[in-house]
Amino acid sequence: MSFYDELSSLPREQLKLSLYSIGPKEVESALVSSEGSLSSLMALLSPAAEPYIEQMAVRAKEITRRRFGTNIGMYLPLYLSNLCANECDYCGFSMSNKLKRKSLTSDELKQEISIIKRQGFDSILLVSGEHETKVGIDYFASMLPLVKKQFSYVAMEVQPLREDEYKHLVNLGLDAVMLYQETYNPTTYQEHHTRGNKQDYRYRVDSPERIARAGVDKIGLGVLLGLDDWRFDALMLGYHLHYLERHFWRCRYSLSLPRLRPCTGGITPKMPLTDKGLVQLICAFRLFNQQLEISLSTREPASLRDNLYGLGVTHISAGSSTEPGGYSNPQRQLNQFEISDDRSVSETVSAMVAKGYIPVWKDWQSEWINLS
Ligand code: SF4
């Protein structure tokens with residue numbers, strides 16, 4: 001049974017009712033439970049857990065310190081292209097938005113790489129809009145070897161691909177795939193994705209399983225917080241993670257918790273998530289899953305990011321650009337969304353070190369996996 005089948009058979013209304021009718025007793029027992037379960041996750045995500053955020057934070061800190069120490073993995077997004085054949089009403093790259101479109105040539109990519117390498121990064125996230133014909137598997141396969149030569153860890157955040165295409169990219173050095181569901185509410189999903197292949201909700205839900213079968217080391221899941229009821233979407237995200245860990249235990253998993261940000265032609269969040277809510281969410285997932293990596297991008301403001309490290313966040317980006325060619329030739333009108341933390345890499349790192357955390361630039365060498 002695929003996760004899509006499981007998801008479709010869940011009694012959504014009943015689960016939602018339970019989420020909103022949880023009481024303090026269930027939250028208190030979730031707080032002391034040693035094994036994260038879906039019922040504990042539900043309790044910790046519920047409105048009833050709000051008065052317990054401080055206790056949640058204390059436990060989340062202990063768990064994170066025990067598993068990850070004071071290490072924070074550093075990565076940077078590298079935008080390959082802003083071409084997109086989809087219409088998502090929350091994104092600056094939507095096909096109907098009038099912005100200059102660009103895909104990097106191999107020379108431009110090399111220029112971006114040399115600037116990023118000088119800043120010390122060894123882990124890179126390749127990002128593009130979703131345009132199968134112009135920025136598809138052939139383009140990725142031609143660019144990936146150039147990137148892999150320079151970075152030990154290469155992740156991608158592009159359109160969902162077929163299993164054989166993922167396999168091909170794994171053979172070229174791909175280590176991780178980030179693929180966010182945006183929302184697990186199929187009705188809300190259809191409202192926000194009005195043109196293009198991304199309209200296919202099921203294909204997207206099924207994607208992490210294809211990624212896992214293709215042998216990708218790490219899979220990144222996430223929802224766009226604010227599109228729908230963030231508590232329920234986060235709970236469904238927990239169900240998805242739980243399913244994948246049971247069926248594809250060789251993979252590692254990471255979570256991204258982006259909040260809806262202003263963008264070109266974009267929308268305002270239907271259900272905004274406050275800073276306090278974001279803290280609750282991060283702590284709830286840390287208590288649910290002690291191994292989970294949680295990344296936080298520059299969408300969030302500097303002061304908030306600096307205070308979230310110990311609670312469960314394990315990876316951050318710094319000095320990011322969200323436009324193709326943005327490191328060598330910044331133009332801003334090519335941006336996917338506005339960045340909130342616009343500090344330089346060294347400013348971000350200094351603030352991190354001052355708080356007692358250690359930036360980790362390299363934590364992976366794929367060749368070592370096969371050494372006996
Ligand atoms: S969210 Fe992705 S698919 Fe949708 S418009 Fe933006 S880049 Fe394209």
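The following refers to the structure shown. (Residues numbered from 1 in each chain as written. Predicted model: local features only at pLDDT ≥ 70, side-chain atom pairs only at ≥ 80, totals over all residues. Heavy atoms only, no water.)

**Considering the side chain of Ser256**
Here Ser256 is to be found in strand 8 (residues 252-256). Looking at Ser256, the relative accessible area reads 12%, which means it is buried. In this structure Ser256 touches Tyr180, Leu221, Gly222, Val223 and Ser295, once residues within four positions along its chain are discounted. (Helix = DSSP H or I, 4+ residues; strand = E, 2+ residues; numbered from the N terminus. Buried < 20%, exposed > 50% of the residue type's maximum accessible area, 1.4 Å probe, protein only. Contact = heavy atoms within 4.5 Å.)

**Observations concerning unusual backbone geometry**
One non-glycine residue, Glu182, lies in the positive phi region at around 70°. Mapped onto the elements, Glu182 comes out in the loop between strand 5 (176-178) and helix 9 (186-192). On the basis of relative accessible area, Glu182 is assigned to the buried category, the value being 10%.

**Here's the deal with the pairing of strand 8**
Taken across its five residues, strand 8 has four buried, putting it largely inside the fold. Both strand 7 (residues 218-222) and strand 8 contribute to a ladder of five bridges, which runs parallel. Bridge pairing links Lys218 to Arg252 in strand 8. Handedness of the crossover is the feature at issue here: the chain leaves strand 7, passes through helix 11 (residues 230-247), returns alongside strand 8, and the resulting connection is right-handed. Strand direction decides the pairing type here: strand 8 and strand 9 (residues 293-296), joined by three bridges, are parallel. (Pairing = 2+ DSSP bridges. Right-handed = clockwise from strand over helix to strand, strands pointing away.)

**Observations concerning the packing of helix 8 (residues 163-171) against helix 10 (residues 201-213)**
Relative to each other, helix 8 and helix 10 sit at 45°, their axes nearing to 8 Å. Classified by the angle their axes make, helix 8 and helix 10 are oblique. When you trace helix 8 past helix 10, the crossing you get is right-handed. Contacts between helix 8 and helix 10 involve Glu163, Tyr166 and Lys167 on the former and, on the latter, Arg210, Ile211 and Arg213. (Axes fitted to C-alpha atoms, helices over the stretch in contact; angles between N-to-C directions. Parallel < 35°, antiparallel > 145°, perpendicular 65-115°, else oblique. Left-handed = near helix turned anticlockwise from the far one by under 90°.)

**Section: the packing of helix 10 against helix 11**
Across the interface, helix 10 lies against helix 11 with an axial gap of 10 Å and an inter-helix angle of 30°. It follows from the interaxial angle that helix 10 and helix 11 lie roughly parallel. Crossing hand, helix 10 versus helix 11: right-handed. In this structure, helix 10 contributes Val205, Pro208 and Glu209 to the contact, and helix 11 contributes His240, Tyr243 and Leu244. A breakdown of the residues in the contact of helix 10 with helix 11 according to their chemical character gives four nonpolar, one polar and one charged. (Nonpolar A, V, L, I, M, F, W, Y, C, P; charged D, E, K, R; others polar.)

**Considerations on helix 4 (residues 38-45)**
Of all eight residues in helix 4, seven are buried; the element is thus mostly enclosed. Among all positions in helix 4, only Leu38, Ser40, Leu41, Met42, Ala43, Leu44 and Leu45 are buried. Each element contacted by the buried residues of helix 4 is listed here: helix 2 (12-21), helix 3 (24-32), helix 5 (53-68), helix 11 and helix 12 (275-288).

**What to know about the layout of surface pockets**
Roughly 230 Å³ of internal volume is contained in the second largest pocket. Ser34, Glu35, Gly36, His242, Glu245, Arg246, Phe288, Asn289, Gln290 and Gln291 together form the lining of the second largest pocket. Here the element with the most residues in the lining of the second largest pocket is helix 11; it accounts for three residues. Here the lining of the second largest pocket is built from residues that sort into one nonpolar, six polar and three charged. (1 Å grid on protein atoms, 1.4 Å probe; cavity = no way out; pocket = protein on both sides within 12 Å on 5 of 7 lines; lining within 4 Å. Points joined across faces, edges and corners; volume = space filled by probe spheres on them.)

**Section: the site of the ligand**
Near the ligand there are 11 residues, and of these Cys84, Asn86, Cys88, Cys91 and Lys198 occur at the shortest range. Residue classes in the shell around the ligand are distributed as five nonpolar, four polar and two charged. (Near = heavy atom within 4 Å.)

**Considerations on the packing of aromatic side chains**
Centre distance and the angle of the planes are the two values used to describe a pair of aromatic rings. Applying the stated criterion across every chain, the model contains nine aromatic pairs. Ring plane angle 85° and centroid distance 5.9 Å describe the contact between Tyr79 and Phe93, whose orientation is recorded as edge-to-face. Here the residue Tyr79 occupies a position in strand 1 (residues 71-81), and Phe93 occupies one in the loop between strand 2 (87-88) and helix 6 (106-118), the gap between them amounting to 14 residues. Taken as a pair, Tyr79 and Phe93 share a single burial class, namely buried. With a centroid separation of 6.3 Å and 75° between ring planes, the pair formed by Phe285 and Phe288 is classed as edge-to-face. With Phe285 and Phe288 both in helix 12, this residue pair falls three residues apart, about one helical turn. In this structure, Phe285 and Phe288 share a single accessibility class: buried. Grouping aromatic residues by their ring pairs yields a cluster made of Tyr4, Tyr189 and Tyr201. Sitting over the face of the ring of Phe232, Lys16 holds its NZ or CZ atom 5.6 Å from the ring centroid. (Phe/Tyr/Trp six-rings, centres within 6.5 Å; stacked < 30°, edge-to-face > 60°. Lys NZ or Arg CZ within 6 Å of the ring centre and 35° of its normal.)

In short, shape yes, function no, at least from these values alone.
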